[in-house]
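# Examination of the molecular architecture
Residue-level listing of the chains:
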Amino acid sequence: MLWTANTIMRKFSSSSAYYQNKLKLALIGQSLFGQEVYTNLRKQGHKVVGVFTVPDKDGKADPLAVVAEKDGTPVFKFPRWRVKGKPIPEVVEAYKAVGAELNVMPFCSQFIPMNVIDFPKHGSIIYHPSILPRHRGASAINWTLIEGDKKAGFSVFWADDGLDTGPILLQKECPVEPNDTVDTLYNRFLFPEGIKAMVEAVQLIADGKAPKIPQSEEGASYEGIQKKSNAKVNMAQPAEAIHNWIRGHDKVPGAWVVIDGKPVTLYSSSMLSGSVPAGQPIEVEGASQPGLIAKSGLVLFGSDGKALQVKNLQFEDGKMIPASKYFSSEETTSLDLTDDEKKMAEEIRAIWKGILSNVPAIDETTDFFKSGAASMDVVRLVEEVKQKCGGVQLQNEDVYMATTFQSFIQMFVRRLRGEDQEEELVIDYATKDVNNMTVKMPYQCFINGKFEDAEDGKTYNTVNPTDGSVICKVSYASVADVDRAVSAAKEAFYNGPWGKMNPRDRGRLLYRLADLMEERQEELATIEAIDSGAVYTLALKTHVGMSIQTFRYFAGWCDKIQGSTIPINQARPNRNLTFTKKEPLGVCAIVIPWNYPLMMLAWKSAACLAAGNTLVLKPAQVTPLTALKFAELTVKAGIPKGVINIVPGSGGLVGQRMSDHPDIRKLGFTGSTPIGKQIMKSCAVSNLKKVSLELGGKSPLIIFSDCDMDKAVRMGMSSVYFNKGENCIAAGRLFVEESIHDEYIRRVVEEIKKMKIGDPLDRSTDHGPQNHKAHLDKLVEYCEIGVKEGATLVYGGRQVDRPGFFMEPTVFTDVEDHMFIAKEESFGPVMVVSKFKDGDVDGVLNRANDTEFGLASGVFTRDINKAMYVSERLEAGTVFVNTYNKTDVAAPFGGFKQSGFGKDLGEEALHEYLRTKAVTVEY
């Protein structure tokens, strides 16, 4: 990819004062693209001395001509510039008379003579929608998709006497998404970024800094214009090649096949992942096997046996239908409109009239396309209707599906009423009879509202830590799957209903989601128990219970996110109003750990969604199942597709791609400090995405001799053994005052001996298995190091002699400050105890703070003055006084130092997923 110098780019983007040199320009071209280039060049102070565009068609002027004539710019509408290959003298003279210093050709369908191209002082520049020298010719976007290119882009080049062979001025590129069409690629990147690039190119020329980089012939290609006659699909090739051919012709000129002996044009193709849906067979000429008309569309099979899916079909008479309705003979029932709907229909009639200005009157039978509308008119119609009737979601294809005014109004009203039914969610479950119920567990990636296999088909085993057995195979997401998920989240944020939804309506969906979680709490807790080893009663109360509370808490925040007004100095004699707005960030990534799979999901995603963002979430590789069950519930709650995406897989692959992805604006991570540092580095290098990190801990718990001993023993054990010690805020080190040390240890050991170790689904179990085998092995090694360094192993320290990954609750005493177990987190059921001299408050505080971690801490004492003194000096994000593990959805949670930054829970968590915009108005 060719770029101008970084310094030039920086000045271009950051300083309006940079635009000092201006040019006199001739714009030669047409379309909305030409209109936007024209408008933006004039905004930057360049003088457009003439616009040369195409003649009016059916009484309608080209959009470029419309805006130029409105501005008083001279407009010339020559039908042609040459006759029999020779320039028309009067046309050339009319052009020369405007005195342009540079020709700008944003989109031009006419052949321009070289004596016009070379006439201006600076020559001519042209926009071309491919990364030259690849795909020279008039159908470059089509061929980018047809050839299956992984990258698309555009070039601004200096015109010469060749065909798209002139020197390059600048180029920009973007990834091609798996289901991109010509429309989506153009609307997402080639149109908006192309406009900016044309303006940038003109300024570089004005400043004398525009490069001329000769095109290489290596990799050069030229493809002809695609027409309907040569757009027939060759079905004797792999499914992906068929998919590329269809999307490369969508919407113009339209790829077609022969179905039941009749030509049918295919639109909205996507590769089919997962199992092939049931459907009614249909003969497709040249295909290796019959297609299927399914609920989701037309399924076609390639020569490799893989499948793709087509959403819409168009017949020779121009009628377009959903492919799923091919065999349906039902006619759409005409709707009776309310008074408000009739008023909207008349407003839409006026929009049709504005576009179809050549039509005397718009009646119910007026056909949009037969009246002369083109593809750009489709875009205009959709955008004007959306602007006039906010909240209604329309796409370009809706116009092709309802071409007459009556059918368009019927479609619009059904959409307005919410009568368009979403296709039924298809889920392949892994089922298990356990805990007196049958649990049904999705196991595929959840992307854009659908469960589907990883793109490369890879899977891995998720294991029950109670006995080491395989629960099921789970999709192992690839980089391509992450990219698809991000693309879906981006589309949902910018173009879907989520981004336009009223905050109160968003809150209503989150409340509904919490209700569904509560209805299914026993199933969720059971899945959590078998996938993570959590004791069922704890999973029910904490893992699931607090998750429900979290969603309800943040659902209530949706319509309470507010900015503020700010008094500033007035620009007299005028007055000013300055206010701030809190806005969502966009697409957010969330990476969660394995100790509280559902609760960590809730802590981060509830705040993220309440703020109005969309998300892509990676559950821990070893505990993916409750996250995927949660995804199923989000669909039932009515959360729009693309808002939530779940991609199970490895941190090194999926997590790294999230950190690197340029379209992700925020990443929230809970996990180890080393991985947190790597994530922060990748987020900075990629696009400076916002980051919040909840990392490792070595939380100190100080127990003074004046404590309530019963409570200190009970809470001290909970601080270490809660959730098998797999607890980020677990007390990693206990400091016990010398005079009560021995009694404290004796009572702790007595209580440990009463603990029942066993099946987490047994309601009487106190202590379940560690999460996975590798973690158990590290705990055993951790204890061995403690013994070797001279700490006293009072109890435990070994794996329990039974199937599964069980670790004995462990107690170490005589732990000195320099020892490994005094400094490093075990993340398991290991109590590390050091004594301190009676009355040495400052001494024990110094020892407690002598760590790079600062997640949580605690103190037990009956002396309120001592408690306040200690709590003020403990360097930790949370301090517990005479309690432990007492977290609440309304209280912010997060660490200091190398335990990370940013907060989960409480109002502060919302700010992690919002940005503040200041607006100043002069009046």
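Note that the coordinates shown come from a computational prediction; the quantities given were computed from them, not determined experimentally.

So, on to the packing of helix α15 (residues 503-519) against helix α17 (residues 536-555). Axes are the key here: two packed helices are described by the angle between their axes and the distance separating the axes. Interhelical geometry of α15 versus α17 gives an angle of 165 degrees and a closest axis separation of 8 Å. On the basis of the axis angle, α15 is roughly antiparallel to α17. Of the two elements, α15 crosses α17, and the hand of that crossing is left-handed. When α15 is examined against α17, the residues G507, L510, Y511, L513, A514, D515, M517 and E518 are found in contact with a partner set consisting of S547, I548, F551, R552 and A555. Among the residues making up the contact of α15 with α17, the classes are represented as eight nonpolar, two polar and three charged.

Turning to the packing of aromatic side chains, a few remarks are in order. Here the structure, examined in full by the defined rule, presents 30 aromatic pairs. Ring-pair connections join several aromatic residues into one group, and the members of that group are F33, Y127, F154, Y186, F189 and F191. Positioned above the aromatic ring of F806 is the side chain of R802, whose terminal nitrogen or guanidinium carbon lies 4.3 Å from the ring centre. K866 extends its terminal NZ or CZ atom over the ring of F704, reaching a point 4.4 Å from the ring centre.

Here we take up the UniProt feature "site: Essential for catalytic activity" (unreviewed entry) in the protein. UniProt feature "site: Essential for catalytic activity" (unreviewed entry): in the numbering of this structure it lies at D164. Once you skip the residues sitting within four places of it in the chain, D164 turns out to touch H128, L132, R136, G137, F157 and Q215. There is a polar contact of 2.8 Å between the side chain of D164 and the backbone nitrogen of G137.

Taken in spatial order, the seven strands of this open sheet run β3-β2-β1-β6-β7-β8-β9, and their pairing is mixed. Strands with a single pairing partner mark the edges of an open sheet, and in this sheet they are β3 (75-77) and β9 (168-175). The average angle at which neighbouring strand axes cross in this sheet is 15 degrees, direction not considered. In this structure, strand β2 (residues 47-53) lies alongside β3, joined through three bridges in parallel fashion. Across the sheet, residue F52 finds its bridge partner in β3, namely F76. The strands touched by helix α2 (residues 31-43) within the sheet are β1 (24-28), β2, β6 (102-105) and β7 (124-128), with β1 carrying the most contacts at an inclination of about 170 degrees. Taken strand by strand, helix α7 (residues 182-206) contacts β1, β6, β7, β8 (151-158) and β9, and its axis lies near 155 degrees from that of β9.

Residue placement: E285 occurs in the loop between β12 (279-282) and β13 (291-294). Residues E285 and K262 lie 23 residues apart in sequence; the distance between their C-alpha atoms is 9.6 Å. Not counting chain neighbours up to four residues away, the residues in contact with E285 comprise K232, M235 and V258.

This brings us to empty space enclosed by the protein. Unfilled space is identified by rolling a water-sized probe across the atoms. All chains considered together, the criterion is met by four cavities of 30 Å³ or more. Quantified by volume, the largest cavity comes out at close to 100 Å³. Taken together, 16 residues form the lining of the largest cavity, with A730, G732, E825, S826 and F827 sitting closest to its centre. Partitioning the lining of the largest cavity into residue classes produces seven nonpolar, seven polar and two charged. Empty space within the second largest cavity amounts to approximately 60 Å³. Lining of the second largest cavity is provided by K698, P700, R733, F735, A822, R847, A848, D850 and T851.

What follows covers the pattern of salt bridges. Scanning the entire structure with this criterion turns up 45 salt bridges. Counted as one network, the salt bridges with shared partners bring together R520, E523, K629, E632 and K636.

Attention now moves to unusual backbone geometry. The peptide bond linking L132 to P133 adopts the cis configuration, its omega dihedral lying at 15 degrees. Residue placement: P133 occurs in the loop between β7 and α6 (140-146). The backbone of D164 sits at a positive phi, close to 60 degrees, despite the residue not being glycine. You can see D164 is positioned in the loop between β8 and β9. The phi dihedral of L905 is positive, around 70 degrees, even though this residue is not glycine. Position of L905 among the secondary structure elements: in the loop between β39 (900-901) and α28 (906-911). Residue classification places L905 among the buried residues on the basis of a relative accessible area of 0%.

So, about the packing of helix α9 (residues 339-355) against helix α10 (residues 375-388). In the contact formed by α9 and α10, the axes pass within 10 Å of each other and the chain directions differ by 150 degrees. Of the possible angle classes, the one that applies to α9 and α10 is roughly antiparallel. When you trace α9 past α10, the crossing you get is right-handed. For the pair formed by α9 and α10, the contact residues are E347, I348, I351, W352, G354 and I355 on the first element and D377, R380, L381, E384, V385 and K388 on the second.

The rules we used
Residues numbered from 1 in each chain as written. Predicted model: local features only at pLDDT ≥ 70, side-chain atom pairs only at ≥ 80, totals over all residues. Heavy atoms only, no water. Axes fitted to C-alpha atoms, helices over the stretch in contact; angles between N-to-C directions. Helix = DSSP H or I, 4+ residues; strand = E, 2+ residues; numbered from the N terminus. Parallel < 35°, antiparallel > 145°, perpendicular 65-115°, else oblique. Left-handed = near helix turned anticlockwise from the far one by under 90°. Contact = heavy atoms within 4.5 Å. Nonpolar A, V, L, I, M, F, W, Y, C, P; charged D, E, K, R; others polar. Phe/Tyr/Trp six-rings, centres within 6.5 Å; stacked < 30°, edge-to-face > 60°. Lys NZ or Arg CZ within 6 Å of the ring centre and 35° of its normal. UniProt positions renumbered as here; feature names shortened; annotations may be inferred. Polar contact = N/O pair within 3.5 Å; in protein donor to acceptor, adjacent residues only side chain to side chain. Pairing = 2+ DSSP bridges. 1 Å grid on protein atoms, 1.4 Å probe; cavity = no way out; pocket = protein on both sides within 12 Å on 5 of 7 lines; lining within 4 Å. Points joined across faces, edges and corners; volume = space filled by probe spheres on them. Salt bridge = Lys/Arg side-chain N within 4 Å of Asp/Glu carboxyl O. Buried < 20%, exposed > 50% of the residue type's maximum accessible area, 1.4 Å probe, protein only.

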